[in-house]
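# Coordinate analysis (summary)
Read off the chains here:
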Amino acid sequence: MKGEDQESSEYPEALNFSRLDDTADCSEIFSGEHFRVYKMKRYGHWCAVKGLQPDFVADTFWMGVLEKELDIGMEMSHPNIVKVLGREENSVVGQCIVMDYVDGRSLDAFLGENPSVEKRKKVVMQLLSAMRYYHSLQIVHRDLKPSNLLITRNGDDLKIIDFGMADSDYHANIKGPAYTKAYAAPEQMIAGARIDCRTDIYAFGVLLGEILPNRYRHVARRCTQSDPGRRYDNVEAVERAIKNTDTVRKSLWVALPLAVVIAVAALLWPNNDNTAPASTETSPLQYDTLFIARTTDGGQPQAEPTVQKDIATAVPKETSNSVAEMPTVAKAPPGIDEVVERFQVYCDKKYSEFLNEVSAPRMYHLKALVLASRKTEQMSLAVFTDFLPMLPEMSPEENTEARGRLFPEVMKKGYRMREYIDESKIPDGTHEQERDDTELKQLSAECKELKKKVQKLQYGE
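Residues numbered from 1 in each chain as written. Predicted model: local features only at pLDDT ≥ 70, side-chain atom pairs only at ≥ 80, totals over all residues. Heavy atoms only, no water.

Paired through backbone hydrogen bonds, the strands of a sheet run either parallel or antiparallel to each other. Ordered by their spatial adjacency, five strands build an open sheet running 1-2-3-5-4, and the pairing between neighbours is antiparallel. The open sheet has two edge strands with one neighbour each: strand 1 (27-31) and strand 4 (84-90). Direction aside, the axes of adjacent strands within the sheet are offset by 30 degrees on average. Running over the sheet, helix 2 (residues 60-75) touches strand 2 (35-42), strand 3 (45-52), strand 4 and strand 5 (94-100) and is turned about 145 degrees from strand 4. (Pairing = 2+ DSSP bridges. Helix = DSSP H or I, 4+ residues; strand = E, 2+ residues; numbered from the N terminus. Axes fitted to C-alpha atoms, helices over the stretch in contact; angles between N-to-C directions. Contact = heavy atoms within 4.5 Å.)

Compared with an ideal rise of 1.5 Å per residue, which puts 15 residues at 21 Å, helix 5 (residues 197-211) spans 21 Å between its outermost C-alpha atoms and is within 8% of the ideal. Counted residue by residue, helix 5 has twelve buried out of 15 residues, so it is predominantly covered. Restricting attention to buried positions, one finds in helix 5 the residues Arg198, Thr199, Asp200, Ile201, Tyr202, Ala203, Phe204, Gly205, Val206, Leu207, Leu208 and Ile211. (Expected span 1.5 Å × (residues − 1). Buried < 20%, exposed > 50% of the residue type's maximum accessible area, 1.4 Å probe, protein only.)

For the coordinates displayed, the defined rule picks out ten aromatic pairs. Both rings, one in Phe343 and one in Phe387, keep their centres 4.9 Å apart while their planes meet at 75 degrees; by these two values the pair is edge-to-face. Taken together, the residues span a long stretch of sequence, with Phe343 in helix 9 (residues 336-358) and Phe387 in helix 10 (residues 365-387) at a distance of 44 residues. Judged by its relative accessible area of 0%, Phe343 is buried. (Phe/Tyr/Trp six-rings, centres within 6.5 Å; stacked < 30°, edge-to-face > 60°.)

This part covers the confidence of the model for the protein. Averaged over all residues, the pLDDT of the protein is 78; the fraction at 70 or higher stands at 74%. Confidence drops under pLDDT 50 across residues 1-17; counting only partners more than four residues distant or on other chains, this segment forms 24 contacts. This model gives residues 261-333 a pLDDT under 50, and the stretch forms 129 contacts once residues within four places in sequence are excluded. (pLDDT = per-residue confidence, 0-100.)

Now for the side chain of Asp200. Take Asp200: it is sitting in helix 5. Although Asp200 lies buried, it forms no salt bridge, and the closest oppositely charged side chain, Arg142, sits 7.5 Å away as judged by the N-O distance. If near-sequence neighbours (up to four positions away) are discounted, Asp200 is found in contact with Met131, Tyr134, His135, Val140, His141, Arg142 and Leu144. (Lys, Arg positive; Asp, Glu negative; His and termini not counted. Salt bridge = Lys/Arg side-chain N within 4 Å of Asp/Glu carboxyl O.)

Take the packing of helix 9 against helix 11 (residues 396-424) next. One way to put it is that helix 9 packs onto helix 11 with a least axis distance of 10 Å and a crossing angle of 20 degrees. Classified by the interaxial angle, the pair formed by helix 9 and helix 11 is roughly parallel. Two packed elements cross with a definite hand, and for helix 9 against helix 11 that hand is right-handed. Between helix 9 and helix 11, the contacting residues are Ile336, Asp337, Val339, Val340, Phe343, Gln344, Cys347, Asp348, Tyr351, Phe354, Leu355 and Val358 on the first element and Glu398, Glu401, Ala402, Arg405, Leu406, Glu409, Val410, Lys413, Arg416, Met417, Tyr420 and Ile421 on the second. (Parallel < 35°, antiparallel > 145°, perpendicular 65-115°, else oblique. Left-handed = near helix turned anticlockwise from the far one by under 90°.)

Moving on: the packing of helix 10 against helix 13 (residues 438-459). The description of two packed helices rests on the angle between their axes and on the distance between the axes. The interhelical angle for the contact between helix 10 and helix 13, taken along N-to-C directions, is 30 degrees, at an axis separation of 9 Å. It follows from the interaxial angle that helix 10 and helix 13 lie roughly parallel. Crossing of helix 10 over helix 13 shows left-handed handedness. Across the interface between the two elements, Leu366, Lys367, Val370, Leu371, Ser373, Arg374, Glu377, Gln378, Ser380, Leu381, Phe384 and Thr385 of helix 10 pack against Glu439, Leu440, Leu443, Ser444, Glu446, Cys447, Leu450, Lys451, Lys453, Val454, Leu457 and Gln458 of helix 13. Of the residues that constitute the contact of helix 10 with helix 13, the class distribution is eleven nonpolar, six polar and seven charged. (Nonpolar A, V, L, I, M, F, W, Y, C, P; charged D, E, K, R; others polar.)

In this section: helix 11. Because the α-helix completes a turn every 3.6 residues, residues three or four places apart line up on one side. Helix length check: helix 11, at 29 residues, gives a terminal C-alpha distance of 43 Å against a target of 42 Å (1.5 Å per residue), a fit within 8%. One or two positions beyond helix 11, positive phi appears at Lys425, with a value near 55 degrees.

Moving on to the pairing of strand 3. Along a regular strand, successive side chains alternate from one face of the sheet to the other. The element strand 3 is largely enclosed, with a buried count of six among its eight residues. When strand 2 meets strand 3, the two strands line up antiparallel, connected through eight bridges. When the sheet's bridge partners are listed, Phe35 is paired in strand 3 with Leu52. Between strand 2 and strand 3, which pair antiparallel in sequence order, lie two residues; one of them, Tyr43, sits at a positive phi of approximately 55 degrees. For strand 3 and strand 5, the ladder comprises five bridges, and the chain directions are antiparallel. Bridge assignment links Val49 to a residue of strand 5, and that residue is Val98.

Next up, the structure:
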């Protein structure tokens, strides 16, 4: 049997909150079209209480939204999701839900402070952690946007708020379209369309482009595909893609600091009038990995045809001196221009090999990234072991100029391979596929070994 106060209420039984008139030190912190939020003290702590605007207190739909936010919020406990503490009714807000107070600012305000890359990356990873958590509870937020992402002033930690428009398997109400257009997936604008975790992943992709606009563009592009089937299937896949990007980015940039220093030094290095002329003797090195262009009758270089390889069938083993790619001895070119031209042809060959290998059956995203990294390390190593030795008796100025012109070629090809992977939309591998792929393990091991060699030659490590 209902109590007297319940009989007099116009709201559902579940919304008859306990009465609490402790409204001292009360201040309004948000006022929107449908809701308002006040800051109040509860049991010695600051809390945020959220209720409806006066014009909507009798609206069963919006009261249902408030009830839904309460139910979903009470179920969750995560450091990057605002904690819902309970419900009450007071003389200022009326029926409301009580949450932890967040002393923070919106994501937009945070980004307006021009935070460091490290702080931005921290926010991205905390957002993914929270999404992975509530998705595991079969909850979809449906309205991820900057105003619903608060960043604390103490520590710059993320807090997700406003699950009033969220969807879950166990809620039958508020199933209609709910979104903010700039962050909404296409399916959110269609009544009755399937909504799942990929809807939040779309919004995350838009946010990622705003938080770190130049760092994870390929991840953001895949997150925001109009077809949900072309997006990442879950948050774990997004996290792996970001981790893989960081790994490849570090590998691709391994030669860049040296290239920049060398290029600047080449401009500042004093002239040496006692420079000895470059030797025209045959180079003593075995240029086993070099690719020399053949000249056609018309005098134009003609690249030797590449051989189709199936990386999934056989990954060629890297050695310190690969064999049988060209005659064992090559005549050293007389100047830097010729060395650069030869290196460009060599890099073109490596890129062609990459295109052949990455198109193999059963290729997947991580494997393609590692393959690109391996090719990049091969080109970096060749600078030291094959191409710089073509210029014996170089003066310091010549050596600096040669390095400053060769390493940018490595970077250009590295980025071209990375862009090809992004544009080809190579699918993600499954966790089991990545774990059990012996060829991937071999590629990774060879890449690490090549990187050690390059670092040793660059920095004497």
